[in-house]
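Summary of structural features
Given next are the chains, with one letter for each unit.
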Amino acid sequence: MGEIALKNPTNLAAGRSYDLGGDCCSSGAMVLNEATSPAADFDDFVSADPTAFVESDQDGNAILHTLVENMHCANCIKTIEQTLKSNPAVLDARVNFSTRRLFLRWLPDGVDVGELVKPIIALGYPLTPYNPAMIISAAAEENARLLRALAVAGFAAANVMLLSVSVWAGLFSEDMGPATRDFLHWISAMVALPAVAYAGQPFFKSAVAALRAGRLNMDVPISLAVVLAAGMSLAETVQGGEYVYFDASVTLLFFLLIGRYLDNAARSKARSAAERLLLLKAVAATIIQKDGSLKTVPVEAVTPGTHVKIMVGDRLPVDGVIVQGRSDLDVSLITGESLPSVVSAGDNVFAGTLNLSAPLEIEATKTGDNTLLGDIVRLMEAAEQGRAKYVRLADRIAGFYAPAVHILAAGTFIGWWILAGSWQNALMQAVAVLIITCPCALGLAVPVVQVVASGRLLMKGILVKAADGLERLAEVDTIVFDKTGTLTEGRLDLVNRDEITSAHLDLAARIARNSRHPLARAVARAGKGAAEYLEVEECPGEGLKAQLNGKVIRLGNRNFCHVSDDAASGKAPGPELWLKIENEDAIQFRFRDRLRPGAHAAIENLKALGFKIDLLSGDRKAVVAELAEALGIENWYAQKKPEDKVAHLKSLEAKGHKVLMVGDGLNDAPALASAHVSLSPASAADISQTAADFVFQGRNLSAVAETIHVARASKRLIFQNFSLAFLYNAIAIPLAVAGLVTPLIAAVAMSASSLVVCLNSLRLRMERRGATR
Amino acid sequence: MNVLIYLIPVALFLGGIGLAAFLWSLKSGQYEDLEGAANRILIDDENDEIS
């Protein structure tokens, strides 16, 4: 039975405890420890002020939509919902576990929303409010529409098949009267025709759109086959004919809709991941009004000239000039540098940077799309347009398959008309060819593999964001890595632990705990330091000052601790901190951005697989050179600006290479978007995750090789599936052209080929089981 | 074979009930949080006591 240690002591004082009732969240806690995502690290995460996002519904109740981080299991749902509902003002608290969202409705009288959600944040579930209008629900609607069509097609397919089996049995035993047969045909028609009209719409619309644009896609032969089969069968029924294809037309739709649904579900999942990241950006800004009072507004409402208050731990919402204050800014998002820069009045600051040590007042100069962040987003979008030219494998095949099928059907029609003389009979054979060649298995070949591959990658913590990402990844021959945050952890760690006594380290950790500066956080992580309260003064850009037992203790840079330059000479360069207790000798703490675990092995492995590997960084030459040497990467390039990175990728592309870009910083985002395919860690900047085709969780870089492996395996499977589909066609088409196909043969052949394709795709799952054994 | 006159409509009707039930469940939002639903079965009800 685990009881969570509460972050916020006030809750303990209130006598509340939250029994998690199980071991489940202990695994959750483990995930938390391993996670390097800034959002998952709840010390780092700052929940935005939700006041600006409260709306009211038609009954006058207040409502709030937020995203929730760190949910892992049923207990998390229970804890969040019950904690909220224990407040008498709350009417409704509902967590959506799949999309990690929380909907909250309460009586607004005298209830402050900040107080309302505080216990949840204190429990370690950071909340980010969002505006539900920002979510485009088109994808979800499309999904629901396909599901409805699928249900209707399934219903019709099952019932028509039931009737068809009776007809086939009757034809076989030759004792069914024509009246009974016609009766069954008429009922089939009554079920199948409305079903085709309803469930076929996704295909008809797409086919019409393609024809209007003067193109042919897979949906054209599909629509033609379905409509002609249904129409011809109706004509046959009216004339009391023997062969009708109602069952073929609806089962065809049913199978194809399964493929279409899977495809769409994968895409909308990817899209919702991207949306979620966009939402995370939409935080509030605190503006200072003319009369000096503070007001929280959505970022969009901030205009140039407005004074904005930036509290410690806030991300800057706009570009601006500092009016008041001096602080450290974490600029890693923009430049990729791991050390913060010191800023003071008059300095230009940029949206997306994080305020670390002291409150700031800035005057907004640029907002929204005009910020540096906006510029980078534009650069990224421009790069993305180039990639939109990529044509998916299935569409490329449709490009020659569709005309071939049409020519074949037309040839059959003309041939039978000339040879047999009756155009009705000729039409019948032509329709049979269309039905038999209808790309049922082709429609399933890609989506099923994709779903299985995504599932397999998801288990390894790799999220497939682009629907065609796997196809593109399988073609890659060159891999370009970013340095900070990709090959390294993007987080500084203490390296000279052995030179420092435990007492000193714990004292330093105790002081450091009060700061958000990355070096201080590294010290806090390394030392134990009891969480007792300590009066600490933070001097931005210099260090921390504390009083203990009448002694002044300083933790900060060289000048701050009065260390002469010679005392430090001879020691390895790099980020450092000094601890000085009254007049004792100062103690040095040295730090380094550590390599990700497995980085070395991953690079070796990828090299062995024959990939060309480049290192592209915005950092200084010496640092990049050292790292490249350590990892054995021959081609490295330092001090590259975002546009230089894009240019580098372009030049590689011009040489005919297909490039995989792995990066995390905001400065990598344009490069991620312009590369043939891209991958970013979950700790990356939101915008980079949005740009990347794949996002991997966890710290280990072996995810890169794993993703490539799965991509190649799924490409192989897709080709096998296509081959199986073509093999089936190679057998069935001659029969159809020769006029030997009956509705029974069509039904059996179609279902069998679809099943074979699905089963073949599932082999990707089996391989995983074998590998883990 | 006159029994078909009754049996086929009955079969279609039963199938139709299944279809209607599915469409209803879709409309009432039961497919919006599949992972959540899978997890919620593990949550005990407040007034559920084993004596």
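Residues numbered from 1 in each chain as written. Chains lettered and ligands numbered in written order. Predicted model: local features only at pLDDT ≥ 70, side-chain atom pairs only at ≥ 80, totals over all residues.

1. A short note on the overall build of chain A
The helix and strand tally for chain A stands at 27 helices and 27 strands. When contacts within chain A are restricted to residue pairs at least 6 apart in sequence, those whose partners lie at least 24 apart make up 68%. (Helix = DSSP H or I, 4+ residues; strand = E, 2+ residues; numbered from the N terminus. Contact = placed C-beta atoms within 7 Å.)

2. Observations concerning the interface of chain A and chain B
Facing 20 residues of chain A, the contacting portion of chain B comprises 18 residues. Counting only elements with at least two residues in the side of chain A that touches chain B, the list comes to helix 3 (74-85), strand 3 (90-96), helix 5 (138-173) and helix 6 (178-199) of chain A. Tallied by class, the residues present in the side of chain A that touches chain B amount to 14 nonpolar, four polar and two charged. (Nonpolar A, V, L, I, M, F, W, Y, C, P; charged D, E, K, R; others polar.)

3. Points about unusual backbone geometry
Of note in the backbone geometry, Gln 639 of chain A takes a positive phi value of approximately 50 degrees without being a glycine. Looking at where Gln 639 of chain A falls in the secondary structure, it is placed in the loop between strand 24 (635-637) and helix 22 (642-654).

4. Section: the pairing of strand 17 (residues 488-494) of chain A
Residues and elements named next belong to chain A. Extensive coverage of strand 17 is indicated by the burial of six of its seven residues. The sheet contact formed by strand 17 and strand 22 (residues 587-595) spans four bridges and is antiparallel. Paired with Asp 493 across the two strands is Arg 592, which belongs to strand 22. (Buried ≥ 20, exposed ≤ 12 C-beta atoms within 10 Å, placed from the backbone. Pairing = 2+ DSSP bridges.)

5. Overview of the packing of helix 8 (residues 219-239) of chain A against helix 13 (residues 423-437) of chain A
Two packed helices can be described by the angle between their axes and the distance between those axes. Residue and element names in this part refer to chain A. The contact between helix 8 and helix 13 brings their axes to 9 Å, and the two run at 135 degrees. The pairing of helix 8 with helix 13 is recorded here as oblique in orientation. Handedness of the crossing formed by helix 8 with helix 13: left-handed. Across the interface between the two elements, Pro 221, Leu 224, Ala 225, Leu 228, Ala 229 and Met 232 of helix 8 pack against Leu 427, Met 428, Val 431, Leu 434 and Ile 435 of helix 13. Along the lines of polarity and charge, the residues of the contact of helix 8 with helix 13 split into eleven nonpolar, no polar and no charged. (Axes fitted to C-alpha atoms, helices over the stretch in contact; angles between N-to-C directions. Parallel < 35°, antiparallel > 145°, perpendicular 65-115°, else oblique. Left-handed = near helix turned anticlockwise from the far one by under 90°.)

6. A closer look at the sheet that holds strand 25 (residues 659-662) of chain A
Residue and element names in this part refer to chain A. Taken in spatial order, the seven strands of this open sheet run 15-27-26-25-16-23-24, and their pairing is mixed. Across the chains shown, the open sheet's two edge strands, defined by having one partner strand only, are strand 15 (462-464) and strand 24. Mean inter-strand twist for the sheet, computed between neighbouring axes without regard to direction, equals 20 degrees. Bridging between strand 25 and strand 26 (residues 677-681) involves three bridges; their strand directions are parallel. Across the sheet, Leu 660 pairs through a bridge with Val 677, a residue of strand 26. Sheet strands in contact with helix 25 (residues 703-737) are strand 15, strand 25, strand 26 and strand 27 (694-696), and its direction is about 45 degrees off that of strand 15.

7. Here's the deal with the pairing of strand 9 (residues 319-324) of chain A
Residue and element names in this part refer to chain A. Looking at chain direction, strand 9 and strand 14 (residues 360-366) are connected through five bridges and run antiparallel. Across the sheet, Gln 324 pairs through a bridge with Glu 361, a residue of strand 14. Where strand 9 and strand 12 (residues 348-349) come together, two bridges link them in antiparallel fashion. In the strand pairing of strand 12, Val 321 is matched with Asn 348.

8. Looking at the nonpolar core
Residue and element names in this part refer to chain A. Formed by 135 residues in total, the largest nonpolar core has its most connected members in Ala 153, Val 250, Leu 252 and Ile 435. Broken down by element, this core gets its largest block of residues, 14 residues, from helix 25. If we skip the residues at most four places from it in the chain, Leu 252 touches Ala 225, Val 226, Cys 438, Cys 440 and Met 750. Grouped together as the second largest cluster of nonpolar side chains are 25 residues, Ala 509, Ala 524, Ile 587 and Phe 591 included. (Core = buried A, V, L, I, M, F, W, Y, C linked by C-beta atoms within 7 Å.)

9. Some words on the packing of helix 7 (residues 201-212) of chain A against helix 8 of chain A
All names here are of chain A. Their axes nearest at 8 Å, the elements helix 7 and helix 8 cross at an angle of 125 degrees. Classed by the angle they form, the pair helix 7 and helix 8 counts as oblique. Crossing of helix 7 against helix 8: the hand is left-handed. Across the interface between the two elements, Phe 203, Phe 204, Ser 206, Ala 207, Ala 210 and Leu 211 of helix 7 pack against Asp 219, Val 220, Ile 222 and Ser 223 of helix 8. Looking at the contact of helix 7 with helix 8 residue by residue, the class counts come to seven nonpolar, two polar and one charged.

10. Focus on the sheet that holds strand 11 (residues 341-344) of chain A
Residue and element names in this part refer to chain A. With antiparallel pairing, the three strands of this open sheet are ordered in space as 11-10-13. Each edge of the open sheet carries a strand with a single partner, namely strand 11 and strand 13 (354-355). In this structure, strand 10 (residues 326-330) lies alongside strand 13, joined through two bridges in antiparallel fashion. Paired with Asp 330 across the strands is Leu 354, a residue of strand 13.

11. Here we look at the confidence of the model for chain B
Per-residue pLDDT for chain B has a mean of 82; in total, 86% of the residues score no lower than 70. Across the interfaces of the predicted complex, the ipTM metric reaches 0.83, alongside a pTM of 0.71. (pLDDT = per-residue confidence, 0-100.)

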